[in-house]
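The chain contents come next:
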Amino acid sequence: PKREAERLLHQRIAELNTGLDEHVKPQLITLKGWFRDWMALYKQNLSPSTQVDYEWRFTHYIVPYFGSQSLSEIHGIEMQKFINSLQKGKNSLSSKRIRNTYNILPAISSKAHALPQLHQPPCSTGSLPKNDSKPRSALNREEVARYLECAEGTDLALIFILEFSLGLRLGELCGLRWQDIDLDKGTVHICNTRINAGGKVIEKGPKTAAGNRTIVLGTKLISRLRLYKETACGAYV
């Protein structure tokens, strides 16, 4: 019947469009092609900044190494060679960046191995370098005073004062608005962030519920903000 034929036709088109057609040869499913499908199908709910980070790492590190290889060609030894390549040369990466870059491939593989035209899981695991992260150290009082002294009289002065006083994340600092500050009560409500994601400014609320918080301002900072607000223009501090 015509209706059944149309149903089968639509089903066939959908299979071809989603890459789930069992008649497509494995070598035709490229890593680059599946990455685009993977992002569209499974990563729609990622934050814009995380999407940009995934795409940047894939474009700058993974594509230059694997090129247009098919998923079926990427297995254990290829993965290990890729990991090793990230540790060599003048542009070698830290172990943390290698792990973050490498982790994209198993994530892709976890969905791709279910495709009926792939007979074995692609992107098999490799041996990652040991964590080489170093303990972080905070600035001492003398170093903070030096920063503030150098910044005094410049456009950076209030930025440094706010950061050292409140300990905000970069996105929180950029997203701080006058409406979030109550100078009479001496409080600031951290409830907005602004980030640059791939050249586009994204504004949103804090990443977690704990990030939505109220901080008490010191008397010196309140005085500084009152003075600055007299000549400030725009919604953002």
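Residues numbered from 1 in each chain as written. Predicted model: local features only at pLDDT ≥ 70, side-chain atom pairs only at ≥ 80, totals over all residues. Heavy atoms only, no water.

S.K.: I'm lost on a nonpolar patch on the surface in this one. Help?
M.R.: Nonpolar side chains collect at one region of the surface, where Leu139, Tyr147 and Phe164 lie side by side and expose about 260 Å² of accessible area between them. For Leu139, a relative accessible area of 40% translates into the label partly exposed. (Patch = residues over 30% accessible without salt bridge, like charges linked within 9 Å, V, L, I, M, F, W, Y side chains within 5 Å. Areas by Shrake-Rupley, 256 points an atom, 1.4 Å probe, with all protein chains shown as cover. Salt bridge = Lys/Arg side-chain N within 4 Å of Asp/Glu carboxyl O. Buried < 20%, exposed > 50% of the residue type's maximum accessible area, 1.4 Å probe, protein only.)

S.K.: How do you make sense of the packing of aromatic side chains when you look at a structure like this?
M.R.: With the rule as written, the count across this model stands at 11 aromatic pairs. For the ring pair Trp56 and Tyr61, a centre distance of 5.5 Å and an interplane angle of 80 degrees mean the geometry is edge-to-face. Judged by relative accessible area, Trp56 falls into the partly exposed class, the value being 38%. Members of the aromatic cluster, joined through ring pairs, are Phe35, Trp38, Tyr54 and Phe58. When the ring centre of Tyr236 is taken as origin, the NZ or CZ atom of Arg194, which lies over that ring, is 4.0 Å away. (Phe/Tyr/Trp six-rings, centres within 6.5 Å; stacked < 30°, edge-to-face > 60°. Lys NZ or Arg CZ within 6 Å of the ring centre and 35° of its normal.)

S.K.: Help me out: how do you make sense of the pattern of salt bridges in this one?
M.R.: Counted according to the given criterion, the structure contains seven salt bridges. In this structure, Glu172 and Arg169 form a salt bridge, with 3.0 Å as the shortest nitrogen-oxygen distance. With a relative accessible area of 56%, Arg169 lands in the exposed category. The closest approach of N and O atoms between Arg177 and Asp180, which form a salt bridge, is 3.0 Å.

S.K.: Even after reading the chapter, I still don't get the sheet that holds strand S5 (residues 213-216), so can you show me in this structure?
M.R.: Pairing between sheet strands relies on hydrogen bonds along the backbone, with the strands arranged either parallel or antiparallel. With respect to topology, three strands assemble into an open sheet ordered S1-S2-S5, the strand pairing being antiparallel. Two strands close off the open sheet at either side, each with one partner strand: strand S1 (181-182) and S5. Here two bridges tie S1 to strand S2 (residues 187-190), and the two strands are oriented antiparallel to one another. When the bridges of S2 are listed, Asp182 appears paired with Thr187. (Pairing = 2+ DSSP bridges. Helix = DSSP H or I, 4+ residues; strand = E, 2+ residues; numbered from the N terminus.)

S.K.: Hey, could you run me through helix H2 (residues 31-42) in this one?
M.R.: Each turn of an α-helix holds 3.6 residues, which means side chains three or four residues apart point in the same direction. Taking 1.5 Å per residue, 12 residues should reach 16 Å; H2 reaches 16 Å between its end C-alpha atoms and fits that length. All of the buried residues in H2 are Leu31, Gly33, Trp34, Phe35, Trp38 and Met39. Against the buried residues of H2 lie helix H3 (48-66) and helix H6 (104-112). (Expected span 1.5 Å × (residues − 1). Contact = heavy atoms within 4.5 Å.)

S.K.: Please clarify how the nonpolar core should be interpreted in this entry.
M.R.: Looking at soluble globular proteins, one finds that nonpolar side chains tend to be buried together. Ranked by size, the top nonpolar core spans 23 residues in total, and within it Leu31, Trp34, Phe35, Ile62, Phe66, Leu105 and Ile108 carry the most contacts. The element best represented in this core is H2, accounting for five residues. In contact with Phe35, not counting residues within four places along its chain, are Tyr54, Glu55, Phe58, Ile104 and Ile108. If you look at the next biggest cluster of nonpolar residues, it comprises 17 residues, including Leu166, Leu176, Val188 and Ile222. (Core = buried A, V, L, I, M, F, W, Y, C linked by side-chain atoms within 4.5 Å.)

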